[in-house]
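Here's the letter readout for the chains.
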Amino acid sequence: MKKFKFFILVLFFSTVSFASYASERWILDKTISTIEFELPVLFLKNVKGKFNNIEGFVGLNVKQKENNKAIFSVEINDIDINYIKYKDLLLSNVFFDALKFPRAVVDTKKFNYDNQKEIKLNVELTLKDKSQMVPIKIYINKLAEGLVQIQSELQFSRTDFGIGQGKWSNTSILKDEVKLKTNLFLFRE
């Protein structure tokens, strides 16, 4: 719980300090945005799920086009999955350990943006108290003056984050690569 409170404080202060030099702030529309995951399983349907509680923002420095920042997080225990009977196992310490590590975070750090429709970045993924830089390709679709859609796909190794312990660590049945797909809608604040 201490780590969760620390995360909230860090997120708050980074947001406040970032807002001092960002000229535009874009807020996530949580009612229509989605973050989904997929984990391939040998001989069965893949484990697929959706995170229901998403937070996030993007701050843009529109004059200098640099030092932009985006942070998104999901609440691990608020998911829907296609294998309902395994939800408790997925949230347990064998996989996500949702009680000890209630959030996963993607932080872009600083990036340059000059109205491109596609950006390639390395973002910091923090999951189960472990952080790793992972590549991501982001597609930006301006829907209206104050509304954008951001779609992306991120892939990471579940074993790098300790997702799947004991007999579940074997990658011959439960594959190692996890895919996250985002379909985010943001409005200008």
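First, a word on what this report is: a plain description of the structure on this page. (Residues numbered from 1 in each chain as written. Predicted model: local features only at pLDDT ≥ 70, side-chain atom pairs only at ≥ 80, totals over all residues. Heavy atoms only, no water.)

## What to know about the side chain of asparagine 53
Item 1. Topologically, asparagine 53 is positioned in the loop between β3 (47-51) and β4 (54-60).
Item 2. Within the structure, asparagine 53 has its side chain in polar contact with the side chain of glutamate 75 (distance 2.9 Å).
Item 3. When neighbours within four sequence positions are excluded, asparagine 53 is seen to be in contact with Ser73, Val74, Glu75 and Asp78. (Helix = DSSP H or I, 4+ residues; strand = E, 2+ residues; numbered from the N terminus. Polar contact = N/O pair within 3.5 Å; in protein donor to acceptor, adjacent residues only side chain to side chain. Contact = heavy atoms within 4.5 Å.)

## Remarks on the pattern of salt bridges
Item 1. In this structure the tally under the stated criterion is 10 salt bridges.
Item 2. Residue glutamate 55 pairs with lysine 30 through a salt bridge whose shortest N-O separation is 3.1 Å. Taken together, the positions of glutamate 55 in strand β4 and lysine 30 in the loop between β1 (24-28) and β2 (34-39) put the pair 25 residues apart, joining distant regions of the chain.
Item 3. Exposure remark for glutamate 55: the relative accessible area of 29% places this residue in the partly exposed category.
Item 4. The network of salt bridges with common partners includes Lys69, Asp107, Lys109 and Glu124. (Salt bridge = Lys/Arg side-chain N within 4 Å of Asp/Glu carboxyl O. Buried < 20%, exposed > 50% of the residue type's maximum accessible area, 1.4 Å probe, protein only.)

## Remarks on unusual backbone geometry
Item 1. In this structure, aspartate 97 takes a positive phi of about 50° despite not being glycine.
Item 2. Take aspartate 97: it is sitting in the loop between α2 (87-91) and β7 (103-107).

## Considering the packing of aromatic side chains
Item 1. In this structure the tally under the stated criterion is 5 aromatic pairs.
Item 2. Ring geometry for phenylalanine 37 and phenylalanine 96: centres 6.3 Å apart, planes at 75°, overall edge-to-face. Highlighted residues: phenylalanine 37 in strand β2 and phenylalanine 96 in the loop between α2 and β7, separated in sequence by 59 residues.
Item 3. Between phenylalanine 156 and phenylalanine 161, the ring centres sit 5.4 Å apart and the planes meet at 85°, which makes this aromatic pair edge-to-face. The residues phenylalanine 156 and phenylalanine 161 share a single accessibility class, namely buried.
Item 4. In this structure an aromatic cluster arises from ring pairing among Phe37, Phe51 and Phe96.
Item 5. Above the ring of phenylalanine 57, the side-chain terminus of arginine 25 is found at 4.4 Å from the ring centroid. (Phe/Tyr/Trp six-rings, centres within 6.5 Å; stacked < 30°, edge-to-face > 60°. Lys NZ or Arg CZ within 6 Å of the ring centre and 35° of its normal.)

## Concerning the layout of surface pockets
Item 1. Put simply, the largest pocket is a space of about 790 Å³.
Item 2. Broken down by element, the lining of the largest pocket gets its largest block of residues, 6 residues, from strand β10 (residues 147-157).
Item 3. Classifying every residue of the lining of the largest pocket gives 33 nonpolar, 7 polar and 7 charged. (1 Å grid on protein atoms, 1.4 Å probe; cavity = no way out; pocket = protein on both sides within 12 Å on 5 of 7 lines; lining within 4 Å. Points joined across faces, edges and corners; volume = space filled by probe spheres on them. Nonpolar A, V, L, I, M, F, W, Y, C, P; charged D, E, K, R; others polar.)

## Description of the nonpolar core
One broad trend across soluble globular proteins is that nonpolar side chains are buried collectively.
Item 1. In this structure, Ile76 and Phe156 are the most contacted members of the largest nonpolar core, which totals 47 residues.
Item 2. With 5 residues, strand β8 (residues 118-127) is the largest single contributor of residues to this core.
Item 3. Dropping the residues within four chain positions of it, isoleucine 76 is found in contact with Phe51, Leu91, Phe96, Ala98, Phe101, Pro102, Arg103, Ala104 and Leu127. (Core = buried A, V, L, I, M, F, W, Y, C linked by side-chain atoms within 4.5 Å.)

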